[in-house]
Amino acid sequence: MKTHKITLIPGDGIGPEVSSAVVSILEAAGAATGVRFEWHRHLAGAEAFEKTREYIPKELYESIEENRVALKGPVTTPVGGGFASINVTLRKKFELFANFRPVKNLPGLKTKYPDVDLIIVRENMEDLYAGLEHEVVPGVVQALKVITSKGSTRIAKFAFDYARKHGRKKVHAIHKANIMKLSDGLFLRCCRDVSLGFPEVSYHEHIVDNACMQLVMNPYQYDVLLTENLYGDILSDLCSAFVGGLGLVPGANLGTECAIFEAVHGSAPDIAGKDMANPTALLQSAVLMLHHINEPETAERVQAGLEQVYREGKVLTKDVGGTSGTKAFADAVLKAMEAPV
Ligand code: NAD
């Protein structure tokens, strides 16, 4: 039996509910496929601060450094003040430069857009998201948009490498270089340069506001979306609506040393603690993690169980038109996984 040590950050809001559902499913899939998980649980954010006086306790940093793989639930970030985003801080600390977000319909779940299959590759460390802000004089604040050729080239290379490896045909760089001529201009120049090394992948550019309209009109014209940090953040939520919403779309924060797997969604305070959250997005993030740690059999078992539940359509959470709770949904996936894959 192979053992994987994984740092687990349950997070807050719906985080503990969805992570406990996901852990139970991974445990069962692992037991059936000869894989054991050693979960190293850590708090982060407001709850961590209450207990340790640190928003990201030292032990959490050490755990990720040691295990190199983390599964993370959402963590609430205060709006308009308070502590810096835990998510952004972790991405910067571990140089998780690529945010990889596949947006794909699940079988049996009817949405207004069937058969969407998009990949969002979002730069994960720069841009306005770096959070570099200051007050110039009272009433005037400045936020610095940081774009570097190193960061832009690295993320473009990631997107094209992915496209080449997985037979994707098109990459669209999304930008606003008509207005932000220097910053988005640099991003675009780097994307163009990288594209030259990948003649088999066609390269296109869309201005971000037009891209929003084009996506809603016809998402099928896109394949891989290559974006800076903020545009990628916004487009991810938009694209999640194609396949049923934020309860479904997974994500991976990838660097050269470590990786943190987390859903696109946040802590959903409106439904927290009510057994209403859909654990699918975190579960599909965990599937990405299983592939990352080279456990494809376990990954396929989980994905097959999940897809069977959607195909049957009997036990679904409210966000996707069902009436079941988080726990009942997780139980349905556990049951579906008992059938041989
Ligand atoms: P949100 O993603 O938490 O919620 C948006 C809407 O989607 C809500 O109506 C919510 O109920 C619904 N939703 C989200 N996940 C769902 C799920 N799994 N199942 C069913 N419905 C789901 O976005 P928000 O309300 O703008 O942000 C809340 C908090 O989360 C903020 O503090 C924000 O900073 C934080 N956040 C954290 C992360 C992260 O940890 N990676 C990401 C995004 C937002």
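All of the points below concern the structure found in this document.

The rules behind each value
- Residues numbered from 1 in each chain as written.
- Predicted model: local features only at pLDDT ≥ 70, side-chain atom pairs only at ≥ 80, totals over all residues.
- Axes fitted to C-alpha atoms, helices over the stretch in contact; angles between N-to-C directions.
- Helix = DSSP H or I, 4+ residues; strand = E, 2+ residues; numbered from the N terminus.
- Parallel < 35°, antiparallel > 145°, perpendicular 65-115°, else oblique.
- Left-handed = near helix turned anticlockwise from the far one by under 90°.
- Contact = placed C-beta atoms within 7 Å.
- Core = buried A, V, L, I, M, F, W, Y, C linked by C-beta atoms within 7 Å.
- Buried ≥ 20, exposed ≤ 12 C-beta atoms within 10 Å, placed from the backbone.
- Arc of directions from axis to C-beta.
- Expected span 1.5 Å × (residues − 1).

Further remarks concern the packing of helix α1 (residues 15-33) against helix α9 (residues 280-292). Following both chains from N to C, one finds α1 and α9 inclined at 45°, their axes separated by 9 Å at the closest point. By the criterion of interaxial angle, the relationship of α1 to α9 is oblique. Every pair of crossing elements has a handedness; the one defined by α1 and α9 is right-handed. Here Val18, Ser19, Val22, Ile25 and Leu26 of α1 come into contact with α9, specifically with Leu282, Leu283 and Ala286.

Another point: the nonpolar core. Ranked by size, the top nonpolar core spans 95 residues in total, and within it Ile25, Val121, Ala159, Leu226, Ala286 and Val302 carry the most contacts. Setting aside anything within four residues of it in sequence, one finds valine 121 in contact with Ala98, Phe100, Ile155, Phe158, Ala159, Tyr162, Val224, Leu225 and Leu226.

Before going further, it helps to spend a moment on helix α3 (residues 58-67). A turn of α-helix holds 3.6 residues, and therefore any two residues three or four places apart point the same way. Regarding α3, the residues found buried are Leu60, Ser63 and Ile64. Projected down its long axis, α3 carries its buried residues within an arc of 95°, all on one side. Exposed and oriented more than 90 degrees from the buried face of α3 are Lys58 and Glu66. Each element contacted by the buried residues of α3 is listed here: β1 (2-9), β2 (35-41) and β3 (69-72). Remark: arginine 68 follows α3 within two positions and exhibits a positive phi of approximately 70°.

This part takes up unusual backbone geometry. Of note, arginine 68 is a non-glycine position whose phi angle comes to about 70°, a positive value. In this structure, arginine 68 sits in the loop between α3 and β3. Judged by the 18 C-beta atoms lying within 10 Å of it, arginine 68 falls in the partly exposed class. Phi angles above zero are rare outside glycine, and aspartate 127 is one such case at about 70°.

It is worth spelling out helix α10 (residues 296-312) at this point. Taking 1.5 Å of rise per residue, 17 residues should cover 24 Å, and α10 covers 24 Å from first to last C-alpha, within 8% of that figure. Restricting attention to buried positions, one finds in α10 the residues Thr298, Ala299, Arg301, Val302, Gln303, Gly305, Leu306, Val309 and Tyr310. Buried residues along α10 sit against α1, β2, α9 and α11 (326-338). Following α10 by one or two positions, glycine 313 adopts a phi angle in the positive range, close to 65°.

Coordinates in, geometry out; function isn't part of it.
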